[in-house]
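Fold and geometry: a report
Here are the chains, one letter per residue:
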Amino acid sequence: QVQLVESGGGLVQTGGSLRLSCAFSGRTFFYYAMAWFRQAPGKEREFVAAIDWRSSTNYADSVKGRFTISRDNDKNTLYLLMNSLKPEDTAVYYCAVGQKWGSPQVRPQDYADWGQGTQVTVSS
């Protein structure tokens, strides 16, 4: 059974940076597409970024040019580097496991396993 543990969230000022990590265990990490989603209070969970086994990536328009998704297959870890943070980036951020050999999909229903989330708060 796959386990995902996010870390790296916190409180940061507008314009600041954070790097989120997602430690993966229970399967062969290299095979799987991975993604980050986020959910703000009162809003639906939304796609942030995804990466497939070839390290092809996909980003939401709202974060393109500011966020970078990456993976370290030796460390079984997914990352999200977030720069130029804005108050509207405030949310709980979740990592998720997609399909084996899959593409970097954008729909939550394309991801079967989820972490518990890490809170990111951007103050104005």
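For clarity, every value in this text was computed on a predicted model and none was experimentally measured.

**A short note on the packing of aromatic side chains**
- Inspection of the entire model under this criterion finds 11 aromatic pairs.
- Seen in terms of ring centroids, F30 and W53 are 6.1 Å apart; in terms of plane orientation they differ by 80°. Their pairing is edge-to-face. Of this pair, F30 sits in the loop between β3 (18–25) and β4 (32–39) while W53 sits in the loop between β5 (46–51) and β6 (57–59), placing them 23 residues apart in sequence.
- W53 gets classed as partly exposed once you look at its relative accessible area, which sits at 29%.
- Among the aromatic residues, ring-to-ring pairing joins F24, F29, F30, Y31, Y32, W53 and W101 into one connected group.
- Directly above the aromatic system of W114 lies the positively charged group of R45, at a separation of 4.7 Å from the ring centroid.

**Quick word on the state of the cysteines**
- A complete count under the given rule lists 1 disulfide for this structure.
- With its sulfur 2.0 Å from that of its partner, C22 forms a disulfide with C95. Linking C22 and C95, the disulfide has an S-S dihedral of approximately 50° and is accordingly described as right-handed. Of this pair, C22 sits in strand β3 while C95 sits in strand β9 (residues 91–100), and the two are 73 residues apart along the sequence.

**With respect to the sheet that holds strand β8 (residues 77–82)**
- Ordered by their spatial adjacency, 4 strands build an open sheet running β1-β3-β8-β7, and the pairing between neighbours is antiparallel. Two strands close off the open sheet at either side, each with one partner strand: β1 (3–7) and β7 (67–72). Within the sheet, the average angular offset between the axes of one strand and its neighbour, ignoring direction, is 15°.
- Relative to β3, β1 runs antiparallel, the two being bridged by 5 bridges. Bridge pairing in β3 places L4 opposite F24.

**Description of unusual backbone geometry**
- Backbone geometry places N76, a non-glycine residue, at a positive phi of 55°.
- When you line up the elements, N76 lands in the loop between β7 and β8.
- By relative accessible area, which is 29% here, N76 ends up partly exposed.
- A positive phi angle, near 60°, is found at W101, a position not held by glycine.
- Among the secondary structure elements, W101 is positioned in the loop between β9 and β10 (113–114).
- Overall, the relative accessible area of 43% leaves W101 in the partly exposed class.

**As for the pairing of strand β11 (residues 118–123)**
- Burial of the side chains of β11 is restricted to one face: T118, V120 and V122 are buried, whereas none of Q119, T121 and S123 on the reverse face is.
- Across 4 bridges, strand β2 (residues 10–13) lies against β11 in parallel orientation. Within the sheet, the bridge partner assigned to Q13 lies in β11 and is S123.
- Where β9 meets β11, 3 bridges bridge the pair, whose relative direction is antiparallel.

What counts, and at which threshold
Residues numbered from 1 in each chain as written. Predicted model: local features only at pLDDT ≥ 70, side-chain atom pairs only at ≥ 80, totals over all residues. Heavy atoms only, no water. Phe/Tyr/Trp six-rings, centres within 6.5 Å; stacked < 30°, edge-to-face > 60°. Helix = DSSP H or I, 4+ residues; strand = E, 2+ residues; numbered from the N terminus. Buried < 20%, exposed > 50% of the residue type's maximum accessible area, 1.4 Å probe, protein only. Lys NZ or Arg CZ within 6 Å of the ring centre and 35° of its normal. Disulfide = S-S within 2.5 Å. Pairing = 2+ DSSP bridges. Axes fitted to C-alpha atoms, helices over the stretch in contact; angles between N-to-C directions.

Any link to function would need more than the numbers given here.
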